[in-house]
Amino acid sequence: MSFERFALDIYALTFASLLIQIVVGAVMAVMFKKLVHCFLGLVMTMVGVAGLYYFLGSPLLAVMQIMIYVGAVCVAIAFGLSLTHKTGEEGLQAPGPRGIVPPLITLAMLGSVLLGLSKREWVGYPQKIDESPIGTMLLGEYLLPFEVISILLTVAVIGAISVALIKRRR
Amino acid sequence: MMITEISILRTLLTIAGITLVVGINAVFVVWLERKVAGHMQFRLGPTEVGPFGLLQTVADGLKLLSKQIIFPSSADTPIFILAPIICLIPVFVALVPVPFSKTLQAHELDIGLLLVIALGLLNTLGILLAGWGCDNKYALLGASRAVAQILAYKIPLLLCILPVILLAGTFSLREIVVAQQESMWFAFYQPVAFFMYLIAITMETNRSPFDFAEAESELVAGFHTEYSGMMFSLFFLAEYTYMFLASAIASILFLGGWLGPILPGPIWMLLKIYFFLFLMMWFRWTFPRVRVDQMLTFGWKILLPISLLNFLITAGVMAVL
């Protein structure tokens, strides 16, 4: 049917544009000279990865990705950026003889991932994942780590309050 | 996630509907703001264009459309252009899971509230990029204030929402309203959280008395000092849409959304939204702007401890009952 073909095309196009956004953002974050441009690239990649999660059928992970990585991590980086007047003009330095190592590692990892994936079966549309087991498992099987993390976060909040409330000595 | 004819049609309809809501809301709220400001200062506000000056904003919009957009020569052009767009798009998308009645909703998400909170954080990134992109010291000061502000209010804001989620037992905006149908509105169970949330959304939408990002009397116009014409009005479109969104979430969380006697649901919803918008205008035209350090002190030393205590007490009481 022609409509199914059309729908599949839209699907593939959206997926491709997400992938391009992630890769371009990552390259921007590493290569650009100005700090703000690098920051923008980082945000692009984070949002793109969130889109990928949504595509793969897990809206919860997508929203969490935006909330934690874009909303918390990037805003914290932005706060640091807004405190400096340096735009970061130094840029990249010419790679030495050791500069060949990172591309080699990257290629090896990419190759192994592709090799591993080539044996899998390809599925047209991903199914929406049932996310409720995540919550059930956090409150059952993994209760102790979950509690430790929540205590850590509560301590951090109370610590922030006490740091703000106690007067600093000169 | 199959794509069908209906899902494509629904998506197009959603985009058209949200664009309509955003546009009409902005035109109406700007008019309302000027009328409220006028009457609070014993003036009349706009009266000339259309009945009660209702078409004043349309005329202003046409004027802004025809104005030249000036690019500062030392500005970072791509970021300068991107910033207002980054400000507007998240609030646009965040309207998708908001229910206007039991059946009138663009898309029901079981994590609707989380989506709105997450997208609300992106607005500040737009403001930061705007301040940075145009190479102007007032703009940069405004932007850095906005980022300091988001750190101060966002944690209390989330801690005010958590008790409501505990009471309702869901993140779906529709289910939260349905949960209030059987009991009372959550504002009666959670008066402290409701009050703190009102303060926090005034901070969140950069409204006076917390409008440090623009602060006309200190920073010329803050982060949008260098913007002109339609790009300037995009920031205002984003701000007024954000106010609409925050009011909608407030009425869903605390005042029972579309619930109400006699009148149909969407009308109750709109009445509650514009009640909150009116409250925010009332704040703006009666309170003087506080200082930056006072705002930070207030956020970290008063809002945060009280909201944390309120959340812990709610959780404790619910565990006992």
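Residues numbered from 1 in each chain as written. Chains lettered and ligands numbered in written order. Predicted model: local features only at pLDDT ≥ 70, side-chain atom pairs only at ≥ 80, totals over all residues.

## Describing the domain arrangement of chain A
Here comes step 1: Per the domain assignment, the segments making up chain A are domain 1 (1–90) and domain 2 (130–170).
Here comes step 2: The C-alpha centroid of domain 2 of chain A is placed 27 Å from the C-alpha centroid of domain 1 of chain A. (Domains from an automatic or database assignment.)

## Brief notes about the interface of chain A and chain B
Here comes step 1: Chain A puts 29 residues into the contact, and the matching count from chain B is 29 residues.
Here comes step 2: Contributing elements (two or more residues each) for the side of chain A that touches chain B: helix H1 (2–31), helix H2 (35–55), helix H3 (59–82) and helix H6 (143–165) of chain A.
Here comes step 3: When residues in the side of chain A that touches chain B are grouped by element, the largest group, 12 residues, is from H3 of chain A.
Here comes step 4: Grouping the amino acids of the side of chain A that touches chain B by side-chain chemistry returns 25 nonpolar, three polar and one charged. (Contact = placed C-beta atoms within 7 Å. Helix = DSSP H or I, 4+ residues; strand = E, 2+ residues; numbered from the N terminus. Nonpolar A, V, L, I, M, F, W, Y, C, P; charged D, E, K, R; others polar.)

## Points about the confidence of the model for chain A
Here comes step 1: Per-chain confidence: chain A averages 81 in pLDDT, with 87% of residues scoring 70 or above.
Here comes step 2: The lowest-confidence element of chain A is helix H5 (residues 132–138) of chain A, averaging 82 in pLDDT; the highest-confidence one is helix H4 (residues 101–118) of chain A, averaging 88. (pLDDT = per-residue confidence, 0-100.)

## Considerations on unusual backbone geometry
Here comes step 1: Non-glycine residue Phe42 of chain B carries a positive phi angle of around 55°.
Here comes step 2: With respect to the secondary-structure elements, Phe42 of chain B resides in the loop between helix H1 (5–40) and helix H2 (56–66).

## Concerning helix H3 (residues 77–94) of chain B
Here comes step 1: Taking 1.5 Å of rise per residue, the 18 residues of H3 of chain B would be expected to cover 26 Å, and the 27 Å separating its terminal C-alpha atoms lies within 8% of that figure.
Here comes step 2: The axis of H3 of chain B is deflected most strongly, by about 25°, at Ala83 of chain B, and proline Pro84 of chain B appears within four residues downstream.
Here comes step 3: Turning to H3 of chain B, its buried residues are Ile79, Phe80, Ala83, Pro84, Ile86, Cys87, Leu88, Pro90, Val91 and Ala94 of chain B.
Here comes step 4: For H3 of chain B, the secondary structure elements touched by its buried residues are H2 of chain A together with helix H4 (112–133) and helix H10 (229–254) of chain B. (Expected span 1.5 Å × (residues − 1). Bend = angle between axes of the 7 residues up to and from the residue. Buried ≥ 20, exposed ≤ 12 C-beta atoms within 10 Å, placed from the backbone.)

## Looking at the nonpolar core
Here comes step 1: Formed by 117 residues in total, the largest nonpolar core has its most connected members in Ala143, Tyr197 and Ala200 of chain B.
Here comes step 2: The element contributing the most residues to this core is H10 of chain B, with 16 residues. (Core = buried A, V, L, I, M, F, W, Y, C linked by C-beta atoms within 7 Å.)

## Here's the deal with the packing of helix H8 (residues 191–204) of chain B against H10 of chain B
Residues and elements named next belong to chain B.
Here comes step 1: It is the contact of H8 with H10, at a shortest axis distance of 11 Å, that shows an interaxial angle of 170°. The angle between H8 and H10 places the two elements in the roughly antiparallel class. In this structure, H8 uses Phe194, Tyr197, Ile201 and Glu204 to contact H10, whose residues at the interface are Ala246, Ala250 and Phe254.
Here comes step 2: Here the residues of the contact of H8 with H10 are counted per class, giving six nonpolar, no polar and one charged. (Axes fitted to C-alpha atoms, helices over the stretch in contact; angles between N-to-C directions. Parallel < 35°, antiparallel > 145°, perpendicular 65-115°, else oblique.)

## Digging into the environment of Leu234 of chain B
Residues and elements named next belong to chain B.
Here comes step 1: Its location among the elements puts Leu234 in helix H10.
Here comes step 2: Here Leu234 falls in the partly exposed class, since 19 other C-beta atoms lie within 10 Å of it.
Here comes step 3: Apart from residues lying up to four places away in sequence, Leu234 is in contact with Pro84 and Leu88.

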